[in-house]
Each structure stands twice: as structure tokens, then as C-alpha cells.
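Listed here are the chains, written in short residue letters.
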Amino acid sequence: MVGELLAGLALVNLDREGVVMRVIVTWDYDDMSRQGASIVADRIRRKPDLVLGLATGTTMVGLYREVVELYRRGLLDMAEVTTFNLDEYVGLNPQDPRSFRYFMQEHLFGKTNIDPRRIHLLPSQLNPQDAEQVAADYEKEIEKAGGIDLQILGLGRNGHIGFNEPGAPLESRTRVVDLDRETVEINSQPFLPLRVPRQSITMGIKTIMRAKEILLLASGAEKALALARALEGPVTPEVPASVLQLHPAVTVVADREAASHLNSSLCQVRVG
């Protein structure tokens, strides 16, 4: 197993019919966060007006912390970056500390020089009759910006990306979805004793796959099976992240625990 082979940083190239997926395996969560931030910063330096797709959740806390630190040290300018958030719970007040809007303000937007006029967020409060138009308008805004240059993703334990749960159509676009029971249970802690949202509005799988480049982060042993199924199993709607095997420019950054189920016999591993 790849995770067991490491003495440092491993670079793994998974080749699927000419589509090469780069996998960076790090010692731990902090190393994963630094590696991810380094990639994000590199892309912004190359293209200051980068269009950046943003994810939320505990996996992203370290990534944004490292990006903020680069900004604080004068090593990164985000003034021209345009952002689109991946998803949001439906039914929360925008000022609710559990909303993804609040998360982004606390961890990134309020600590860097990203122009608020360049920030795009999905709404947490919307009327059901308006949902389809809101989603279509979000897609149009992405197109107007020239498409997403780099989409950051986390990985659900059931293989979801964004809130595209198992069974989500591979052709799906931005839309309101019902959350899988497992996702609700895993994400329930911040909401207790209140009711956990049962719906979200999320970019679809096709929306994600239209990004020019994708950065997937995974940390912890609880993500190991999902990561192995996503990278080495068949491409199937039952493991939404498996569709990333078909994207021409994916980098995966995973710590040793998350990479522990990857089969090294399928990979070329270089340690150093």
C-alpha cells in the first residue's frame, strides 16, 4: 500500500488510458495543507486573475490557513482572483456560523485581499420556485468569468464531491439536492442540538469537470476507502469522485492515512 511505503513525500502517477492523475502523498494533515496551498499560490502567481473554485469543511481549514499565511508574509496577492464556492446548505441564515458563507469569511475572505466584488457564493436561503433560476444564473456567472481555472475539492466518506451524493448524474449541473443520510450524520456535530439541513445547493459533476484543473484534498483514515475507490475503482455514479479519473488535469494531495488503501502495484512511486 502506498501509505505504508512512505519515508517522506511520494509522488504517484496513476495512468488511465492516457489521462495521468498526479497524487502527492504527505506525512500528515499539516503537510497536506502546505502542499495544497503551494499549488494554489503557484497558480495565482502564474495567473493573477485566476478563477478559483472553493470548497469548505474541516479538510480545507489548514489549506486556507496556509494561503492566508502566504498572503500575510507578502508572498501572495489575491486582489484579482475571482472565486466561486462549490456548495451551501439550504435553509440557513447567511450569518449563521454553520453556513459556508460564514466559513469562507472566517477562514479566507476576511483575512486576504480578495475583492468582495469578485466573490460568488451560492445562497443558503432561496424559495423552491426560484432554485432552478438561481442555479442557472450561477452557471452563467461561471461562464462569464471564463470558466473555473482551478477547482478545489474535498472528498466525502461516501465518495461525494461537492454535495453530489452517490447516484448523482455525471451530467449534472448546479442544483438543489437532498443530502445522503450518511452525509447528514457525519456533518451533524456543528448543528446539535438543532436540526441538520437535509438539502444543499451544489455545483454539479459536469460543472466541476469543466474546470481546467482540479485539486482534490483528502486527510485521515476515514477517507482511505473512498479515495481508493475514487482513484482505482471503476468510474461510476455510485462513487461520484471516480469521475475525476476522466479529467485531464487532476492533482490529489492526501496524507498517509488517506492514501493507505491505494494499491502501489498500480502506481509508479517516487519517494523524496
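Structural notes, computed from the coordinates. (Residues numbered from 1 in each chain as written. Predicted model: local features only at pLDDT ≥ 70, side-chain atom pairs only at ≥ 80, totals over all residues. Heavy atoms only, no water.)

Here's the deal with the nonpolar core
Then, in step 1: Grouped together as the largest cluster of nonpolar side chains are 72 residues, with contacts concentrated most on V40, L108, I152, L227, L244 and V252.
Then, in step 2: When near neighbours in sequence (up to four residues on either side) are disregarded, I152 contacts V40, L52, G53, L54, A55, M60, L63, L86 and L215.
Then, in step 3: With six residues, the next largest nonpolar core counts Y89, L92, F100 and F163 among its residues. (Core = buried A, V, L, I, M, F, W, Y, C linked by side-chain atoms within 4.5 Å. Buried < 20%, exposed > 50% of the residue type's maximum accessible area, 1.4 Å probe, protein only. Contact = heavy atoms within 4.5 Å.)

Section: the pattern of salt bridges
Then, in step 1: Evaluated as defined, the whole model comprises 15 salt bridges.
Then, in step 2: When the shortest N-O distance is used, the salt bridge between D149 and K212 registers 3.4 Å. Taken together, the residues span a long stretch of sequence, with D149 in the loop between α5 (131-144) and β7 (150-153) and K212 in the loop between α7 (205-209) and β10 (213-218) at a distance of 63 residues.
Then, in step 3: The exposure class assigned to D149 is buried, which follows from its relative accessible area of 10%.
Then, in step 4: Take K212: its relative accessible area is 46%, and that puts it in the partly exposed class.
Then, in step 5: Residues participating in the shared-partner salt-bridge network are D42, R43, R46 and E213. (Salt bridge = Lys/Arg side-chain N within 4 Å of Asp/Glu carboxyl O. Helix = DSSP H or I, 4+ residues; strand = E, 2+ residues; numbered from the N terminus.)

Thoughts on the side chain of T207
Then, in step 1: Relative to the elements of secondary structure, T207 occurs in helix α7.
Then, in step 2: Leaving out residues up to four positions away in the same chain, T207 has contacts with E139, I142, S172, R173 and T174.

A look at the environment of R256
Then, in step 1: Positionally, R256 belongs in the loop between β11 (250-255) and β12 (268-271).
Then, in step 2: Relative accessible area serves as the criterion here: at 31%, R256 is assigned to the partly exposed category.
Then, in step 3: Taking the C-alpha atoms as reference points, R256 and S219, separated by 37 residues in sequence, lie 8.0 Å from one another.

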